[in-house]
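# Structure at a glance
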Amino acid sequence: MKRKTAFILALAVALLSVLPLVSCSGGNKNYKIGILREDDSSGEAAAWEEYLNGLGREMGITFDFTTTSSSEAEVSAINTYASKGYNAILLFSDDDIIASVNAAAAKKMYVALPTGHPTEEQYKQIKDIPYYLGSVAPLQKTEYDAGYAMAKYFVEEKGQRNFTIFGGATSYAVSMHVERLAGILAYLSEDAGTSYDGAKTRDELKTKISGKGIDTAKFKSEKYSIKGYMDGFAFDDAFSTKLTQSLVAGGTCILSVGAGDTVTNIAYGIASGSKIEGLTVGGVDAITSSYEKSFDIGYSYDCGKYASAMAPGLVLVLSALDGKNLRDSDGNVPRVGMTYWVATSKDMLADMLKSDNKTDGFCYNKPVIEHFVGGSYDDFLRLCDADYAEAMKIHEEYNK
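Residues numbered from 1 in each chain as written. Predicted model: local features only at pLDDT ≥ 70, side-chain atom pairs only at ≥ 80, totals over all residues. Heavy atoms only, no water.

### Here's the deal with helix H9 (residues 237–248)
Here H9 spans 16 Å end to end across 12 residues, near enough to the 16 Å set by a 1.5 Å rise per residue. For H9, the complete set of buried residues consists of Phe239, Leu243, Ser246 and Leu247. Seen end-on, H9 carries its buried residues on one side only, within an arc spanning 95°. Seen from the buried face of H9, the exposed residues on the opposite side, beyond 90 degrees, are Asp237, Gln245 and Val248. Buried residues along H9 sit in contact with strand S6 (162–166), strand S9 (225–230), strand S10 (253–256) and helix H10 (260–274). One side-chain oxygen at the N-terminal end of H9 lies 3.3 Å from the backbone nitrogen of Ala238; it belongs to Asp236. Gly250 occupies a position one or two residues after H9 and carries a positive phi of about 110°. (Helix = DSSP H or I, 4+ residues; strand = E, 2+ residues; numbered from the N terminus. Expected span 1.5 Å × (residues − 1). Buried < 20%, exposed > 50% of the residue type's maximum accessible area, 1.4 Å probe, protein only. Arc of directions from axis to C-beta. Contact = heavy atoms within 4.5 Å. Polar contact = N/O pair within 3.5 Å; in protein donor to acceptor, adjacent residues only side chain to side chain.)

Below you can see the structure in the form of structure tokens.
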């Protein structure tokens, strides 16, 4: 009897020693995280939802998505999540960052921005709120570099000289599109005989184009030509007319600051109907499967975020929930840049998609997340700064 009792006691002690490890392993603490977004229909939105839900199933985390269209809707959704016992918010939308951060903090819910950054003034207002964890997304310089690198690729690798340019929301002074367009023009303006309205540098060009777009008559060059420029997202008859005129005039290399798949589809239809040869399109968009078929009809350069790009924002949240908030060297909440992935062929895009999807497995999967949660700030920066090659190294390193 004594032996049986001793065995039961030993078994109980062993179980007690293991249970805490089971409950904590992999961050499996049944956390609940709400996601507020304005976009729920794009390929990028679908990829991010698949990533978070897939990771949630692996790690015992509940993710719930709410699509909003106003600051009031964001605050209402935050209060609803609080009433359901949610622990944190990933804020994709930006109708009123101040109001949303304050609403989450009032309910003692952590909040992080994984797709954009607050302005300098907004950051000053929220950086000392205990429940605000920071932001991870491409910085303005990253956007500028993306446009610059795209123009450089088509000139130096593809020998292009005659362009059509799609400026997206530049005429509305949307900073990421302004930066990307400025990058395109800045690269072209490195040629001694090239400038736009007398401007050649990033800051000068931004002043010229922000809220205005491009007037092709103001682009002066002995080496390059801009045959046509369009912006806005109506993609109506007026857009098609301008694009047709530009393609007919020889601007068969299209550089797009967004919506590259839509621009490619329209351009392909025009080129096919008018028997225009040599169509090639580059875009700063997203590394998702929705762009794969575009490579069959002229798309040849894709730069953007990817499914696992949500990992750094999630690391901020899970670290805080584990009591290990990440701070920079000055003790401030992070405003960290993110590096885009770039595919210059359909095969390259296919490789990227193969390494980051719900069927084959995501690049930043459970073992990767577990490593970075609660880690050092320098280690966190490595995750944020990773291009595709470095992301593959990170995946291999923690999935041995």
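### Quick look at the nonpolar core
Formed by 75 residues in total, the largest nonpolar core has its most connected members in Tyr51, Leu52, Leu318 and Tyr364. In terms of residue count, helix H11 (residues 311–321) provides more of this core than any other element does, eight residues in total. The next biggest cluster of nonpolar side chains, apart from the first, holds 33 residues, and it includes Val155, Val178, Tyr196 and Leu205. (Core = buried A, V, L, I, M, F, W, Y, C linked by side-chain atoms within 4.5 Å.)

### Overview of a negative patch on the surface
On the surface, Glu38, Asp39, Asp40, Glu72, Asp94 and Asp95 cluster together into a negatively charged patch. By the secondary structure assignment, Asp95 is in the loop between strand S3 (88–91) and helix H4 (97–106). (Patch = residues over 30% accessible without salt bridge, like charges linked within 9 Å, V, L, I, M, F, W, Y side chains within 5 Å. Areas by Shrake-Rupley, 256 points an atom, 1.4 Å probe, with all protein chains shown as cover. Salt bridge = Lys/Arg side-chain N within 4 Å of Asp/Glu carboxyl O. Lys, Arg positive; Asp, Glu negative; His and termini not counted. Charge placed at Lys NZ, Arg CZ, Asp CG, Glu CD.)

### Observations concerning the side chain of Ser308
By secondary structure assignment, the location of Ser308 is in the loop between strand S12 (299–305) and H11. There is a polar contact of 2.5 Å between the side chain of Ser308 and the side chain of Asp356. Setting aside chain neighbours within four positions, we find Ser308 in contact with Tyr51, Asp356, Phe362, Cys363 and Tyr364.

### Focus on the packing of helix H6 (residues 140–157) against helix H7 (residues 175–188)
With their axes 7 Å apart at the nearest point, H6 and H7 run at an angle of 40° to one another. With respect to each other, H6 and H7 are oriented oblique. Where H6 crosses over H7, the handedness of that crossing is right-handed. Of the residues in H7, those touching H6 at Gln140, Glu143, Tyr144, Gly147, Tyr148, Met150, Ala151, Lys152, Val155 and Glu156 are Ser175, Met176, Glu179, Arg180, Ala182, Gly183, Ile184, Ala186, Tyr187 and Leu188. (Axes fitted to C-alpha atoms, helices over the stretch in contact; angles between N-to-C directions. Parallel < 35°, antiparallel > 145°, perpendicular 65-115°, else oblique. Left-handed = near helix turned anticlockwise from the far one by under 90°.)

### Overview of the packing of aromatic side chains
The description of an aromatic ring pair uses the distance of the two centres, along with the angle that the planes make with each other. For the structure shown, the criterion picks out 22 aromatic pairs. Pairing Tyr51 with Phe362 gives two aromatic rings, centres 5.1 Å apart and planes at 85°, and the pair type is edge-to-face. You can see Tyr51 sitting in helix H2 (residues 43–59) and its partner Phe362 sitting in the loop between helix H12 (346–354) and helix H13 (366–372), a full 311 residues away along the chain. The pair formed by Tyr51 and Phe362 is uniform in burial state, with each residue classed as buried. An aromatic cluster is defined as three or more aromatic residues linked by ring pairs; in this entry it consists of Phe166, Phe233, Phe235 and Phe239. One residue, Arg202, lies across the ring of Tyr144, its end atom 5.1 Å from the ring centre. Over the ring of Tyr123 we find Arg335; its NZ or CZ atom is 4.0 Å from the centre of that ring. (Phe/Tyr/Trp six-rings, centres within 6.5 Å; stacked < 30°, edge-to-face > 60°. Lys NZ or Arg CZ within 6 Å of the ring centre and 35° of its normal.)

### Considering the state of the cysteines
The final tally for this structure, using the stated rule, is zero disulfides. For the unlinked cysteine Cys303, the closest cysteine sulfur is that of Cys253, found at 15 Å. Between Cys363, a free cysteine, and Cys384, which holds the nearest cysteine sulfur, the sulfur-to-sulfur gap is 13 Å. (Disulfide = S-S within 2.5 Å.)

### Focus: the sheet that holds S9
Read from one edge to the other, the open sheet built from six strands follows the order S9-S6-S10-S11-S12-S14, with strand pairing classed as mixed. Both outer strands of the open sheet, S9 and strand S14 (341–343), are each paired with one neighbouring strand and no more. Neighbouring strand axes in the sheet, compared pairwise and without regard to direction, differ in orientation by 15° on average. Here five bridges tie S6 to S9, and the two strands are oriented parallel to one another. Residue pairing in the sheet places Ile165 in a bridge with Tyr229 of S9. (Pairing = 2+ DSSP bridges.)

### Some words on the confidence of the model for the protein
It should be kept in mind that the predicted coordinates are not to be read in detail where pLDDT is low. Mean pLDDT over the protein: 93, with 93% of residues reaching 70 or higher. Note that residues 1–28 has pLDDT below 50 and, in this model, 11 contacts with residues that lie over four places away or in other chains. (pLDDT = per-residue confidence, 0-100.)

### A look at the environment of Lys358
Tracing the chain through its elements places Lys358 in the loop between H12 and H13. A relative accessible area of 53% means that Lys358 is categorised as exposed. Along the sequence, Lys358 and Ala271 sit 87 residues apart, while their C-alpha atoms lie 36 Å from each other.

### Considerations on the sheet that holds strand S1 (residues 32–37)
Read across the sheet, six strands follow the order S2-S1-S3-S4-S5-S13 without closing on themselves; strand pairing throughout is parallel. Of all the strands in the sheet, the pair left with one neighbour each is strand S2 (62–67) and strand S13 (335–336). Across two bridges, the pairing between strand S5 (residues 132–136) and S13 is parallel. Residue pairing across strands places Ser135 opposite Arg335, the latter belonging to S13. Taken strand by strand, helix H3 (residues 71–83) contacts S1, S2 and S3, and its axis lies near 170° from that of S1.

### So, the environment of Ile33
Mapped onto the secondary structure, Ile33 falls in strand S1. Spatially, the C-alpha atom of Ile33 lies 34 Å from that of Gly147, the residues being 114 residues apart in sequence. When neighbours within four sequence positions are excluded, Ile33 is seen to be in contact with Ile61, Thr62, Phe63, Asp64, Tyr86, Ala88, Leu90, Leu314, Val317 and Leu318.

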